[in-house]
Amino acid sequence: MSITNSLTRRQALALSGATAVGIALGGLSRSAVAANGSPLPIPRLIEARAGQTVTLSMRKGRHGFGTGRLVPTAGISADYLGPVVRAQRGDTLRFQVENHLDEATTLHWHGLMIPSDVDGGPHNTIRPGASWTPEITVTQLPATTWFHPHPHGNTARQVYQGLAGMLIVADGGDPERGLPSTYGVDDLPLILQDKRFGSGGEIDYRPGMMDLMHGFQGDRLLVNGVPDPLADVPAGRVRVRLLNAANARNFNLGFADGRPFQVIAGDGGYLGEAAEVRSLVVAPGERYEIVVDFSDGRAAQLITGADPHLAGTDMPTGAETIPGGERLALMRFRAGSKPSATLPPLRLERLAAPNLAAAVAWRTFVLDPVMGGMGMNMMGRGADHGTMSINGRSFDMNRLDVTARLGSSEIWEVVAPEMMHPFHLHGASFRILANNGRRPALAQSGWKDVVLVDGRAELLVRFDKPAKPAQPFMYHCHILEHEDQGMMGQFAVV
Ligand code: C2O
Ligand code: CU
Ligand code: CU
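Right, let's walk through the structure included here.

What counts and what doesn't
- Residues numbered from 1 in each chain as written.
- Chains lettered and ligands numbered in written order.
- Predicted model: local features only at pLDDT ≥ 70, side-chain atom pairs only at ≥ 80, totals over all residues.
- Heavy atoms only, no water.
- Helix = DSSP H or I, 4+ residues; strand = E, 2+ residues; numbered from the N terminus.
- Buried < 20%, exposed > 50% of the residue type's maximum accessible area, 1.4 Å probe, protein only.
- Salt bridge = Lys/Arg side-chain N within 4 Å of Asp/Glu carboxyl O.
- Pairing = 2+ DSSP bridges.
- Core = buried A, V, L, I, M, F, W, Y, C linked by side-chain atoms within 4.5 Å.
- Contact = heavy atoms within 4.5 Å.
- Axes fitted to C-alpha atoms, helices over the stretch in contact; angles between N-to-C directions.
- Phe/Tyr/Trp six-rings, centres within 6.5 Å; stacked < 30°, edge-to-face > 60°.
- Donors = N, O, S within 2.8 Å, 3.2 Å for Na, K, Ca; no water.
- Polar contact = N/O pair within 3.5 Å; in protein donor to acceptor, adjacent residues only side chain to side chain.

1. Here's the deal with unusual backbone geometry
- Despite not being glycine, Phe65 has its phi angle at roughly 50 degrees, a positive value.
- Its location among the elements puts Phe65 in the loop between strand 2 (53-63) and strand 3 (71-76).
- Judged by its relative accessible area of 3%, Phe65 is buried.
- Phi is positive for Asn391, close to 50 degrees, though the residue is something other than glycine.
- With a relative accessible area of 42%, Asn391 lands in the partly exposed category.

2. Details of the pattern of salt bridges
- On inspection of all chains with the given rule, the structure shows 28 salt bridges.
- Its salt-bridge partner being Asp232, residue Arg334 comes within 2.8 Å of it at the nearest N-O pair. Here Asp232 lies in strand 13 (residues 230-233) and Arg334 lies in strand 21 (residues 328-335), a separation of 102 residues in the sequence.
- The exposure class of Arg334 is partly exposed, given its relative accessible area of 45%.
- Taken together, the salt bridges that share partners define one network made up of Asp171, Asp174, Arg177, Asp187, Arg239, Arg241, Glu289 and Glu349.

3. Brief notes about the pairing of strand 30 (residues 473-477)
- Among the five residues in strand 30, five count as buried, and that is most of the element.
- The two faces of strand 30 match: Phe473, Tyr475 and Cys477 on one face and Met474 and His476 on the other face are all buried.
- Across four bridges, strand 30 lies against strand 31 (residues 488-493) in antiparallel orientation. Its bridge partner being in strand 31, Met474 is matched across the sheet by Gln490.

4. Details of the nonpolar core
- In terms of nonpolar packing, the biggest core is built from 34 residues, with Leu190, Leu242, Val263, Leu280 and Phe333 touching the most fellow members.
- Ranked by the residues each element gives to this core, the list is headed by strand 21, at five residues.
- Each residue touching Leu280, except ones within four places of it in the same chain, is listed here: Leu242, Phe251, Asn252, Leu253, Phe261, Val263, Tyr288, Ile290, Ala443 and Gln444.
- By size, the runner-up hydrophobic cluster in this structure holds 30 residues, among which are Ala248, Ile390, Ile432 and Val451.

5. Quick word on the sheet that holds strand 1 (residues 45-47)
- In space, the five strands of this open sheet follow the order 1-4-10-9-6, with mixed pairing throughout. Edge strands, defined here as strands with exactly one partner in the open sheet, are strand 1 and strand 6 (108-110). Geometrically, the sheet is characterised by an average inter-axis angle of 25 degrees between neighbouring strands, direction not taken into account.
- Pairing of strand 9 (residues 143-148) with strand 10 (residues 165-170) involves five bridges; the strand directions are antiparallel. When the sheet's bridge partners are listed, Thr144 is paired in strand 10 with Ile168.

6. Describing the sheet that holds strand 16 (residues 261-266)
- With mixed pairing, the six strands of this open sheet are ordered in space as 12-11-14-19-16-17. Among the strands making up the open sheet, the edge pair consists of strand 12 (220-223) and strand 17 (269-277). If you compare each strand with its neighbour and ignore which way they point, the axes differ by 25 degrees on average.
- Relative to strand 19 (residues 287-293), strand 16 runs antiparallel, the two being bridged by three bridges. Its bridge partner lying in strand 19, Val263 is registered against Ile290.

7. Topic: the packing of aromatic side chains
- One pass over the structure, following the stated rule, counts 22 aromatic pairs.
- Measuring from ring centre to ring centre gives 5.5 Å for Phe473 and Phe491, while their planes differ by 45 degrees; the resulting arrangement is tilted. Taken together, the residues span a long stretch of sequence, with Phe473 in strand 30 and Phe491 in strand 31 at a distance of 18 residues. With respect to class, Phe473 is no different from Phe491; both count as buried.

8. Structural notes on the coordination of the copper ion (ligand 2)
- Looking at the copper ion (ligand 2), one finds its protein donor set to be His108 (NE2) and His424 (NE2), positioned 1.9 to 2.0 Å from the metal centre. With His108 in strand 6 and His424 in strand 26 (residues 421-425), the pair connects residues that are 316 residues apart, well separated along the chain.

9. Regarding the side chain of Arg259
- Of note, Arg259 is situated in the loop between strand 15 (251-255) and strand 16.
- Engagement of the side chain of Arg259 in a polar contact is seen with the side chain of Asp257, the distance being 2.9 Å.
- A polar atom in the side chain of Arg259 sits 3.5 Å from the backbone oxygen of Asp293.
- When sequence neighbours within four positions are dropped, the list of residues in contact with Arg259 reads Val277, Arg278, Val292, Asp293, Phe294, Asp296, Arg298, Ala299 and Ala300.

10. A word on the side chain of Asn154
- If you trace the backbone, Asn154 turns up in the loop between strand 9 and helix 2 (155-161).
- Looking at Asn154, its side chain comes within polar contact range of the side chain of Arg157, at 3.3 Å.
- Setting aside residues no more than four positions away along its own chain, Asn154 makes contact with Glu103 and Asp484.

Right, here's the structure in full:
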């Protein structure tokens, strides 16, 4: 049928397109190393075990952001951010999520493939003082996922205050894969964010019209809640779990000395083979696991280029205030001196080619401000909701936009005509078939739940988890200001 024909034509185009997807680091080959840094904070690890209850307390806190001056924040069983929860594949987990905030919230498991009634989206409201006790069976392959609030219209502000944490799905098989897995030693969580601070060091979240249009970006970069930290790592192979938990900034990562690193996993788990790269764009909501070789004992600095999204706009990129111009410092690694044994080869997972024949529908989603005219509606409506849309319609919790068949696959064509949008789905994962007519680079070739769209992307989405029409899954832009303003839709899986 026409889906197949059309795709074949597009793929033919893709194959002639040659170069890899991704944004070159350009001048990012050297960067000034700051004089000192605080140690990289390693979030507390909670080993979630079947039959035990993990309590996550969403609460207010006070955090120093590296300055020592405590300012009001929020966190999940912590003053800022949350613990890292590690779950074993196959286990059924019990959570007690307590809302100690003074406003309603939810806690969404971003990247966990679970039924919608425990997904934690806008329909799973937790009132102030109440708790929510979902039972979650982890059936998916090992992956780095995360959790954050998702109350409609208030997600951006809550996440910005610090409500976010990482959840790792493991299966005990990493030694055979040649992968490090000693948490906090050679398996490090890096939660990447940016922030604006007021003159008293307080979090300054007051989005103006430009912030609502482009997404709210800060001029200070943070890793695990502090600027420019230092991690001591063993001389050898180190695994880094990258999570972009910023509201809107794309990170464009690389090392100051230009060293290559291996991408071993994307949002949905291991790639078929490691992808060697020197730079990697990580969009809001996206996760990658990388392996960096510190065998030579040399120190390294992780840097990011200016957000490609802001190139050509007059938005602050942070370049003015962070040393190194466009090469913005994120953190440094100091490698131990003990030479390590020879590294075993990496053995990741078999990854079948996307099965196009399985697709039963083709749908198109166009991400834009309402009416298509950038800013037109905002001029009149300010920070009101409903200025962003998908297919011309702003989010409505009482409207079901799409119904998919449980166990089926569909091709979703996502179009971003005016600016880049990181598109995300709950409860379903996809393979990228093409992004602007090109096949995905190896690093983006695995299962994913976020894709940065700057033009047109075609995804093969598999619907494996149920969602009743009364409690649907979400699809949305992961620029949180766009999501809150209505660039979100709902789908049932029945
Ligand atoms: Cu990170 Cu709708 O989610
Ligand atoms: Cu999600
Ligand atoms: Cu967007």
